[in-house]
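# Examining the three-dimensional arrangement
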Amino acid sequence: LLWTAAASGADTAPPAVFGCPIPAPPELDFPGSADAPGPSIPDAPVAGADMAQQVIDIVTGDVKVDLNGPAVFNDRLVLRQGDRQLGADTGRFDRSTGEFAAEGNVDFRDPKAWVRGNTARYNSNTGLFSIDDAEYDLFSVPARGSADRIALKETRQLSLTNVTYTSCARGKDDWLLRAGSLNLDRETGTGEARNARLEFKGVPILYTPYLTYPIDNQRKSGLLLPEVGNSDQRGIEFELPYYFNLAPNYDATLTPHYMSRRGLQAKGEFRYLSGGTSGL
């Protein structure tokens, strides 16, 4: 879960799941946009250009610069680099520490994500970026959620504290994942969640104090997302699949299926690849 927040494979088409897609974000009314007054923001550089080589455009209405000290932005501020954009009510950059701090209605967006929060900090010396009291949307899943704190390290490690996650649209939290902490490491391709629970219609149905899972294309044995439903013939239904990564060319899934009006059913699936053949 949440693997797309840090996975390079997020460019693939998202699966159609849960039947409650998240719409694309509205245009942000930053200074200089078509719908907001202020100086214009230059056009974004050509897609695919090296982000580290691209110029950072800064747009603001009021800035005070001390040649021997910090730069203080007292008006709505926009920083844009390529297809990434950060906006905040106020900001401060301290050259002695290399830290940039933004406060008030913080908005960060790129083609894959949109994050809002109260405060954000970036240290050019350590490469640490963090945002507090955050809400996020992941467009490539699509999914959304919130976290007390989101921190991204230069070592490609992403950590979230008191995080929620769902693929349902706003106002329709049919299912929701909560976790005390979530850590994603792109170097190892693994994610770790602690004190995680899955809720359906506000009712907890699954809890685990600790779990790990892959966040890239590498496979790993373990539990998959459960499925919950209700029908007149079978009553309340609950499925909890377990995936077996048996070998590079074959795997299996075992799924206990509970039906309140019909009892328990065991479902299984075996997949294989051999030369030019495949089967289930």
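A brief report on the enclosed structure follows.

Helix and strand counts for the protein come out as zero helices and 21 strands. Counting the 280 residues in the protein, one finds 37% classified as buried. Pairs at least 24 apart in sequence give 34% of the contacts found in the protein among residues at least 6 apart. Here the protein has roughly 16400 Å² of accessible surface; of this, 53% comes from carbon and sulfur atoms.

This brings us to the environment of A252. For A252, the location among the structural elements is in strand 19 (residues 250-259). The spacing of A252 and S221 is 31 residues in sequence and 9.5 Å in space, taken between C-alpha atoms. Residue contacts for A252: discarding those within four places in its chain leaves Y242, Y243, F244, L246, E269 and F270.

It is worth spelling out the packing of aromatic side chains at this point. All told, the structure shown has five aromatic pairs when counted by the stated rule. Measuring from ring centre to ring centre gives 5.9 Å for F108 and F129, while their planes differ by 45 degrees; the resulting arrangement is tilted. Residue F108 is found in strand 7 (residues 99-109), and its partner F129 is found in strand 9 (residues 129-138); the two are separated by 21 residues along the sequence. Of the residues examined, F129 reaches a relative accessible area of 19% and is grouped as buried. Among the aromatic residues, those joined into a cluster by ring pairs are Y250, F270 and Y272. The positively charged end of R116 is found above the aromatic ring belonging to W114, 4.3 Å away from the centroid.

Our focus in this paragraph is the nonpolar core. Y136, I150 and L160 are the most contacted members of the largest nonpolar core, which totals 35 residues. Aside from chain neighbours lying at most four places away, what touches I150 is V115, F129, S130, I131, A134, Y136, L158, S159 and L160.

Attention now goes to a nonpolar patch on the surface. A grouping of L223, Y242, F244, L246, Y250, L254, F270 and Y272 is seen on the molecular surface, where their side chains present a nonpolar patch of about 720 Å² in accessible area. Only strand 18 (242-247), strand 19 and strand 20 (263-274) provide two or more residues apiece to the nonpolar patch. Sort the elements by how many residues they give to the nonpolar patch and strand 18 lands first, with three residues. As for its placement among the helices and strands, Y242 is situated in strand 18.

Note on placement: D251 falls in strand 19. Among the residues examined, D251 registers a relative accessible area of 2% and is labelled buried. At 3.1 Å, the side chain of D251 forms a polar contact with the side chain of R219. A distance of 2.7 Å separates the side chain of D251 from the side chain of Y243, its partner in a polar contact. Contacts of D251, omitting those with residues within four sequence positions, involve R219, Y243, F244, L246, E269, F270 and R271.

Thresholds applied
- Residues numbered from 1 in each chain as written.
- Predicted model: local features only at pLDDT ≥ 70, side-chain atom pairs only at ≥ 80, totals over all residues.
- Heavy atoms only, no water.
- Helix = DSSP H or I, 4+ residues; strand = E, 2+ residues; numbered from the N terminus.
- Buried < 20%, exposed > 50% of the residue type's maximum accessible area, 1.4 Å probe, protein only.
- Contact = heavy atoms within 4.5 Å.
- Areas by Shrake-Rupley, 256 points an atom, 1.4 Å probe, with all protein chains shown as cover.
- Phe/Tyr/Trp six-rings, centres within 6.5 Å; stacked < 30°, edge-to-face > 60°.
- Lys NZ or Arg CZ within 6 Å of the ring centre and 35° of its normal.
- Core = buried A, V, L, I, M, F, W, Y, C linked by side-chain atoms within 4.5 Å.
- Patch = residues over 30% accessible without salt bridge, like charges linked within 9 Å, V, L, I, M, F, W, Y side chains within 5 Å.
- Salt bridge = Lys/Arg side-chain N within 4 Å of Asp/Glu carboxyl O.
- Polar contact = N/O pair within 3.5 Å; in protein donor to acceptor, adjacent residues only side chain to side chain.

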